[in-house]
Amino acid sequence: MPVSFPPFLTTLWSQRVLWLLTVLVALASARYLMLPIQMAGDFMAHHAANRPLALYGHITGATIALALLPIQFSPRLRRTRLGLHRWLGRLYGASIAVGSLSGLALAVTTEAGPFAAMGFAALAVLWAAFTARAIWLAIQGEIAAHRAWMVRSAALTLAAVSLRLELPLLQAIFGFEIGYPLVAWLCWVPNLLIAEWLLSTGHTSQSLQTSPA
């Protein structure tokens, strides 16, 4: 099922902005893997001290998934290097398996309260489930359904971008203690609703179609 963003987001430049934000967030996340935690971000220090495997597993998985997302949605890659697209799709799926499992571990141990824990836990579970469903459908040759589930997977991968755009605003309005639990839901629920709307209305865009993984 081919899909697209609404008209005001279907221009080449708007799509480039989306993918640029995705890559920038991936690079920003990668700093936690290359720098001491005190230099990368002190607010993550308690995770690094108490649950380092979950923290760095989540950062690694999510960073790889974000970096691969614009590549996997490239029509040129699917047209000229379908084999590479498939192998990168497997890497995308593996990175989400790591990122979602470790993200779930972080969610259930968060100190931000049960509302935030439930939001991030739901994101982790759905992220893994949607991606696994998409890969299974590709293996079965159900390409139209595969494409639809990959759009849902992408919507949840982009939660990392939404979170970084929304949290400063929510924190400025409500403060961190309220803004952070809110962003645990707002970073992904609107993304998924938009994806479902796109799927239900049948909008088309070559840049948002996917080929078999």
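For the structure itself, look to the data block above.
Fair warning: this is a prediction, and the values are worked out from it, not measured in the lab. (Residues numbered from 1 in each chain as written. Predicted model: local features only at pLDDT ≥ 70, side-chain atom pairs only at ≥ 80, totals over all residues. Heavy atoms only, no water.)

Let's shift gears to the side chain of Ser-95. In this fold, Ser-95 is placed in helix H6 (residues 82-108). A polar contact of 2.7 Å, which involves the side chain of Ser-95, links it to the backbone oxygen of Tyr-92. Filtering out sequence-adjacent residues up to four positions away, Ser-95 remains in contact with Gly-61, Ile-64 and Ala-65. (Helix = DSSP H or I, 4+ residues; strand = E, 2+ residues; numbered from the N terminus. Polar contact = N/O pair within 3.5 Å; in protein donor to acceptor, adjacent residues only side chain to side chain. Contact = heavy atoms within 4.5 Å.)

Viewed as axis vectors pointing N to C, helix H7 (residues 114-139) and helix H10 (residues 176-186) meet at an angle of 25°, and their least axial separation amounts to 8 Å. Accordingly, the angle class assigned to the pair H7 and H10 is roughly parallel. When you trace H7 past H10, the crossing you get is left-handed. For the pair formed by H7 and H10, the contact residues are Phe-115, Ala-116, Met-118, Gly-119 and Phe-120 on the first element and Tyr-180, Pro-181, Leu-182, Ala-184 and Trp-185 on the second. (Axes fitted to C-alpha atoms, helices over the stretch in contact; angles between N-to-C directions. Parallel < 35°, antiparallel > 145°, perpendicular 65-115°, else oblique. Left-handed = near helix turned anticlockwise from the far one by under 90°.)

In the structure shown here, the tally under the stated rule is one salt bridge. Of the charged contacts in the structure, one is a salt bridge between Glu-196 and Arg-152, with a shortest N-O distance of 2.5 Å. With Glu-196 in helix H11 (residues 189-201) and Arg-152 in helix H8 (residues 143-157), the pair connects residues that are 44 residues apart, well separated along the chain. Residue Glu-196 is classed as partly exposed on the basis of its relative accessible area of 31%. (Salt bridge = Lys/Arg side-chain N within 4 Å of Asp/Glu carboxyl O. Buried < 20%, exposed > 50% of the residue type's maximum accessible area, 1.4 Å probe, protein only.)

Before going further, it helps to examine the packing of aromatic side chains. Evaluation of the coordinates by the stated rule reveals five aromatic pairs. Where Phe-130 meets Trp-149, the ring centres are 5.1 Å apart and the plane angle is 65°; that geometry is what we call edge-to-face. Within this pair, whereas Phe-130 is found in helix H7, its partner Trp-149 is found in helix H8, the two being separated by 19 residues in sequence. On the accessibility criterion, Phe-130 (11% relative accessible area) is buried. Over the aromatic face of Trp-87 sits the side chain of Arg-90, whose NZ or CZ is 4.5 Å from the ring centroid. One Lys or Arg, Arg-152, reaches over the ring of Trp-149 and ends 4.3 Å from the middle of that ring. (Phe/Tyr/Trp six-rings, centres within 6.5 Å; stacked < 30°, edge-to-face > 60°. Lys NZ or Arg CZ within 6 Å of the ring centre and 35° of its normal.)

Time to look at the packing of H7 against H8. Contact geometry for H7 and H8: axes closest at 8 Å, N-to-C directions at 155°. By the angle class used here, H7 and H8 are roughly antiparallel. Here the hand of the crossing between H7 and H8 comes out left-handed. Residues Leu-123, Leu-126, Trp-127, Phe-130, Thr-131, Arg-133, Ala-134, Ile-135, Leu-137 and Ala-138 of H7 touch H8, and the partners they reach there are Ile-143, Ala-145, His-146, Trp-149, Met-150, Arg-152, Ser-153, Leu-156 and Thr-157. Classifying every residue of the contact of H7 with H8 by side-chain character gives 13 nonpolar, four polar and two charged. (Nonpolar A, V, L, I, M, F, W, Y, C, P; charged D, E, K, R; others polar.)

Turning to the nonpolar core, a few remarks are in order. Looking at soluble globular proteins, one finds that nonpolar side chains tend to be buried together. Tyr-92, Leu-156, Cys-187 and Trp-188 are the most contacted members of the largest nonpolar core, which has 36 residues in total. Taken together, the elements giving at least two residues each to this core come down to helix H1 (12-34), helix H4 (52-72), H6, H7, H8, helix H9 (159-174) and H10. The element contributing the most residues to this core is H7, with seven residues. (Core = buried A, V, L, I, M, F, W, Y, C linked by side-chain atoms within 4.5 Å.)

Any link to function would need more than the numbers given here.
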